[in-house]
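# Observations on chain architecture
Listed below, chain by chain, are the residues.
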Amino acid sequence: EFVDQRARQVMTILQRNFSCVQCPPGCDECITGDEICLYRENEILVDSLIAINCLAIVLSVWLLVFILRHKTKFVIRSASWPFLIIIIIGALVAYINIVLDGFLEKTSLTCTLYHWLNSIAFAISF
């Protein structure tokens, strides 16, 4: 009985001190009861950044092919073409990671994968 009485007191205090508010403008989904606005990404911004990353991937692959095709030239040899290849591969991992992050559903696995790939890409590049 004491627990029930205490629970009723807590509920009364909560009802007096807290009230539900409407969702903020631009928020279509709220969790009922708490009225918390769910996060929504700016799709145009995300799509444009993914497009820029896809362009960077294409340019990096082109640069890889160019370096491998001209690795006997003096300029490429003096720049140490194996190190250039390693740096570009690290950049490719970083670019691909950003694109995958834009397309994959956010879960604990993809969150962990994102940070691991970022770390690997940084380690390879630098």
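In this report, we go over the structure that sits alongside the text. (Residues numbered from 1 in each chain as written. Predicted model: local features only at pLDDT ≥ 70, side-chain atom pairs only at ≥ 80, totals over all residues. Heavy atoms only, no water.)

So, about the overall build of the chain. For the chain, the helix and strand inventory stands at 5 helices and 2 strands. Ordered by position from N to C terminus, the α and β elements of the chain give α-β-β-α-α-α-α. Across the chain, contacts joining residues at least 24 apart in sequence account for 46% of those joining residues at least 6 apart. When the accessible surface of the chain is totalled, it reaches about 10,200 Å², and 67% of it is carbon and sulfur. (Helix = DSSP H or I, 4+ residues; strand = E, 2+ residues; numbered from the N terminus. Contact = heavy atoms within 4.5 Å. Areas by Shrake-Rupley, 256 points an atom, 1.4 Å probe, with all protein chains shown as cover.)

What follows concerns the side chain of Asn 53. Tracing the backbone shows Asn 53 in helix α2 (residues 43-69). Of the residues examined, Asn 53 reaches a relative accessible area of 10% and is grouped as buried. What Asn 53 contacts, discounting residues up to four positions off in sequence, is Tyr 95, Ile 98 and Val 99. (Buried < 20%, exposed > 50% of the residue type's maximum accessible area, 1.4 Å probe, protein only.)

This paragraph deals with the nonpolar core. Counting residues in hydrophobic clusters, the biggest one holds 9 residues: Ile 50, Ile 57, Leu 64, Ile 67, Ile 76, Ile 85, Ile 88, Leu 92 and Val 99. Contributions of two or more residues to this core are made by α2 and α4 (81-103). Setting aside residues up to four positions removed in sequence, Leu 92 forms contacts with Ile 57, Ser 60, Val 61 and Leu 64. (Core = buried A, V, L, I, M, F, W, Y, C linked by side-chain atoms within 4.5 Å.)

The next subject is the layout of surface pockets. Think of a ball as big as a water molecule: rolled over the atoms, this probe shows where empty space is left. By volume, the largest pocket is sized at about 190 Å³. Elements with a contribution of two residues or more to the lining of the largest pocket: α2 and α4. When residues in the lining of the largest pocket are grouped by element, the largest group, 5 residues, is from α2. Looking at the lining of the largest pocket residue by residue, the classes come out as 6 nonpolar, 2 polar and 3 charged. (1 Å grid on protein atoms, 1.4 Å probe; cavity = no way out; pocket = protein on both sides within 12 Å on 5 of 7 lines; lining within 4 Å. Points joined across faces, edges and corners; volume = space filled by probe spheres on them. Nonpolar A, V, L, I, M, F, W, Y, C, P; charged D, E, K, R; others polar.)

For the pair α2 and α4, the least separation of the axes is 9 Å and the interaxial angle reads 160 degrees. It follows that α2 is roughly antiparallel to α4 by the angle criterion. Viewed along their axes, α2 and α4 form a crossing whose handedness is left-handed. Contact residues: α2 offers Ile 50, Asn 53, Cys 54, Ala 56, Ile 57, Ser 60, Val 61, Leu 63, Leu 64, Ile 67 and Leu 68, while α4 offers Trp 81, Leu 84, Ile 85, Ile 88, Leu 92, Tyr 95, Ile 96, Ile 98, Val 99, Gly 102 and Phe 103. In terms of residue class, the contact of α2 with α4 is built from 19 nonpolar, 3 polar and no charged. (Axes fitted to C-alpha atoms, helices over the stretch in contact; angles between N-to-C directions. Parallel < 35°, antiparallel > 145°, perpendicular 65-115°, else oblique. Left-handed = near helix turned anticlockwise from the far one by under 90°.)

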